[in-house]
Amino acid sequence: MTRTTSEADMTSGKKTKATRNSVAAARSSVVGKKPKPWGTIIAVVAVLGLAGGVFGYAYSQIHAQNVKEAALAKWKPSDTNKDPSTQLAGIVVKEYKGSRHVEATQRVAYDQTPAFGGPHDGQWADCTGVVYDKAVRTENMVHGLEHGAVWIAYNPDQVSGDALGKLKTKVEGIPYMMMSPYPGLDKPISLQAWGHQLKVDNADDERIDQFVSSLLRNSNTYPEVGASCENSAFLSNPAPFVAEKPGADAVPMDGGKDDSATEGQPNASTPPPSGSVSTPPSS
């Protein structure tokens, strides 16, 4: 039987449609069977999680710093509160005359241990955020206090590990801060600023930051406002500490050469040339 042209076209159309449907079904099957890109998904999730963690950590650090600064606000010197440290429990405050110097070969019969005022060596210990790994001569450290520095001393037999690390973070790289071990110290930690001292039992004591906030370069409490803390010659060759008590020839607390007439003159606070810092046996 011969088909008409119309019937042939219809049959051809049905085949073409059936073919298209078959191809579409095959493609759909292939697409449906294609595995999900789990590796990419996991990587994206990990990146987002890391970013969230970094942001969260940064936020928590900023928040913690803001909380810390707010807590220390009352310990900032002001016109109406010139020495906030006097409110600290356990603080010792004494009046000392500045600009009284001794020779590098002399020792001073200090009235406090560690000393925080009185006659001192003509050259100061570098106090530019320095953590000394060995004990340093007191006569030089006291001169740094006269320049507005805060000195953190610690008993090396009682402070180590994490506690020592916490103290270092309060000093390293911070102008007018210095730290050193002090053998035989009667407390684990002792803080000194000119005319001020506070002893504490552990590195987590909040009074450490309060003491520093109150007295670091507080122009109301130290003699030589504006004096430098940098002394590279001393830093390269620190004068050593000696534990023995000073002898009968030690300079008394009211002794020493009075250099107040020249202390404030230009270059009066300039450290000596490299190599000129002596290191006599002294505490």
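All of these numbers come straight from a predicted model, not from anything done at the bench.

**Overview of the pairing of strand β5 (residues 150–154)**
Working step 1: Burial analysis of β5 places 5 of its 5 residues in the buried class, the great majority of the element.
Working step 2: Because side chains alternate across β5, one face comprises the buried residues Val 150, Ile 152 and Tyr 154, and the other comprises Trp 151 and Ala 153, equally buried.
Working step 3: Bridge count for β5 against strand β6 (residues 177–181) is 5 bridges, and the pairing is parallel. Counterpart to Ala 153 in the pairing with β6 is Ser 180.
Working step 4: Traced from β5 through helix α4 (residues 161–169) to β6, the parallel crossover comes out right-handed.
Working step 5: Inspection of the sheet shows β5 paired to strand β7 (residues 189–193) by 4 bridges, in the antiparallel sense.

**Comments concerning the pattern of salt bridges**
Working step 1: Within the structure shown, the criterion is met by 10 salt bridges.
Working step 2: A salt bridge links Lys 94 to Asp 111; its shortest N-O distance comes to 3.9 Å. A residue pair is termed long-range when its members are at least 10 positions apart, and Lys 94 in the loop between β1 (92–93) and β2 (100–102) and Asp 111 in the loop between β2 and β3 (120–121) qualify at 17 residues.
Working step 3: Residue Asp 111 is classed as partly exposed on the basis of its relative accessible area, which comes to 37%.
Working step 4: Salt-bridge contacts for Arg 137 lead to Glu 139; the nearest nitrogen and oxygen are separated by 3.6 Å.
Working step 5: When its relative accessible area of 0% is taken as the criterion, Arg 137 is described as buried.
Working step 6: Here the residues in one salt-bridge network are Asp 121, Arg 137 and Glu 139, joined through shared partners.

**So, the state of the cysteines**
Working step 1: Tallied over the full model, the rule gives 1 disulfide.
Working step 2: The partner cysteine of Cys 127 in its disulfide is Cys 229, sulfur to sulfur 1.7 Å. Because the sign of the S-S torsion sets the handedness, a value of about -95° for the bond joining Cys 127 and Cys 229 places this disulfide among the left-handed ones. Highlighted residues: Cys 127 in the loop between β3 and β4 (128–131) and Cys 229 in the loop between α5 (207–215) and α6 (232–236), separated in sequence by 102 residues. Like Cys 127, the residue Cys 229 is buried in the burial classification.

Rules used in this analysis
- Residues numbered from 1 in each chain as written.
- Predicted model: local features only at pLDDT ≥ 70, side-chain atom pairs only at ≥ 80, totals over all residues.
- Heavy atoms only, no water.
- Buried < 20%, exposed > 50% of the residue type's maximum accessible area, 1.4 Å probe, protein only.
- Helix = DSSP H or I, 4+ residues; strand = E, 2+ residues; numbered from the N terminus.
- Pairing = 2+ DSSP bridges.
- Right-handed = clockwise from strand over helix to strand, strands pointing away.
- Salt bridge = Lys/Arg side-chain N within 4 Å of Asp/Glu carboxyl O.
- Disulfide = S-S within 2.5 Å.

Nothing here speaks to function; it is geometry throughout.
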